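In case you want the letters, here they are:
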Amino acid sequence: MEAWITEITEKFGYFGILLLIALENVFPPIPSEVILTFGGYLTTTTNLTVTGVVIYSTLGSVLGAVILYGIGLIIDIQKIEKIVNRWGHILRLTTDDIHKANGWFEKYGVWTIFFCRLVPLIRSLISLPAGMSHMNFGVFLLFTTLGTLIWNIILVNIGAAVGGSWETIVHYMDIYSNIVYAILALLIIVFVVIFIRKRVRKKNSN
């Protein structure tokens, strides 16, 4: 995949970066680390500039985020409720649980959007619950742009600073991503265990 990414970036320049980053937001397995650090490296060998790469990568990120936000709007809470009403008993899940999760996102969603833009994988997927909770689009756009801008500035500048050694940075970013994935997996396991225990206690108390 790295060869494909670098080929498109070299061939299409700014537009290639915008397109790849937009795709990365919709399809998280595409690594933004490769796109951004390689884009930074290209500023040392081509007429691309750090500012230009940051601007176009940020536009691509926002475009991809808006697409996922729109998908979240289409899914919405009502559709999730119908699914839970029909199949939720399998996981002991109720519509109350859905509303609690939605309420939490409405309360802390703004900062969640901002900080999650700095976390691999989640930085893309966080747009879905934002749309599902009908988060104010202007606020979503603002904090998405701010968080994404920070992420892009850091990686593009690192790529420009290390030049031909940009792949070394990608290696370290892979380690960072793997650590994040491991933590997420652990949190999911803990959440599932706590959730099941609460359900069992509630059932026993009845």
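Right, let's walk through the structure included here. (Residues numbered from 1 in each chain as written. Predicted model: local features only at pLDDT ≥ 70, side-chain atom pairs only at ≥ 80, totals over all residues. Heavy atoms only, no water.)

1. Quick word on the side chain of Thr 58
Item 1. Among the structural elements, Thr 58 can be located in helix α3 (residues 50-87).
Item 2. At 3.1 Å, the side chain of Thr 58 forms a polar contact with the side chain of Asn 152.
Item 3. Beyond its immediate stretch of four places on either side in the chain, Thr 58 contacts Thr 145, Thr 148, Leu 149 and Asn 152. (Helix = DSSP H or I, 4+ residues; strand = E, 2+ residues; numbered from the N terminus. Polar contact = N/O pair within 3.5 Å; in protein donor to acceptor, adjacent residues only side chain to side chain. Contact = heavy atoms within 4.5 Å.)

2. Structural notes on the environment of Ile 17
Item 1. For Ile 17, the location among the structural elements is in helix α1 (residues 2-26).
Item 2. Residue class for Ile 17 comes out buried when judged on its relative accessible area of 0%.
Item 3. Residues Ile 17 and Ile 35 lie 18 residues apart in sequence; the distance between their C-alpha atoms is 6.9 Å. (Buried < 20%, exposed > 50% of the residue type's maximum accessible area, 1.4 Å probe, protein only.)

3. Observations regarding a nonpolar patch on the surface
Item 1. There is a patch of nonpolar side chains on the surface, built from Trp 4, Phe 12, Phe 15, Leu 19 and Leu 23 and spanning about 500 Å² of accessible area.
Item 2. For Trp 4, the position within the fold is in helix α1. (Patch = residues over 30% accessible without salt bridge, like charges linked within 9 Å, V, L, I, M, F, W, Y side chains within 5 Å. Areas by Shrake-Rupley, 256 points an atom, 1.4 Å probe, with all protein chains shown as cover. Salt bridge = Lys/Arg side-chain N within 4 Å of Asp/Glu carboxyl O.)

4. Digging into the packing of aromatic side chains
Item 1. Counted by the stated rule, this structure contains 10 aromatic pairs.
Item 2. Judged by centre distance (6.0 Å) and plane angle (85 degrees), the rings of Trp 111 and Phe 114 are edge-to-face. Of the two residues, Trp 111 and Phe 114 both sit in helix α4 (residues 95-116), three residues apart, roughly one turn of that helix.
Item 3. A residue is classified by how much of its surface remains accessible, and Trp 111, at 52% relative accessible area, is exposed.
Item 4. Summarising the aromatic geometry, the rings of Phe 114 and Phe 115 are spaced 5.0 Å apart at their centres and angled 80 degrees between planes, so their arrangement reads as edge-to-face.
Item 5. The class of Phe 114 is buried, set by a relative accessible area of 14%.
Item 6. Site record: aromatic cluster; members linked through ring pairs are Trp 111, Phe 114, Phe 115 and Phe 143. (Phe/Tyr/Trp six-rings, centres within 6.5 Å; stacked < 30°, edge-to-face > 60°.)

5. Considering the environment of Leu 118
Item 1. Secondary-structure assignment places Leu 118 in the loop between α4 and α5 (122-125).
Item 2. With 29 residues separating them along the chain, Leu 118 and Gly 147 place their C-alpha atoms 6.7 Å apart.

6. As for the environment of Leu 128
Item 1. Structurally, the position occupied by Leu 128 is in helix α6 (residues 127-132).
Item 2. Judged by relative accessible area, which is 23%, Leu 128 ranks as partly exposed.
Item 3. Leu 128 sits 53 residues away from Ile 75 along the chain, and the two C-alpha atoms are 8.8 Å apart.
Item 4. Ignoring anything within four residues of it in the chain, the contact list for Leu 128 reads Leu 68, Ile 71 and Gly 72.

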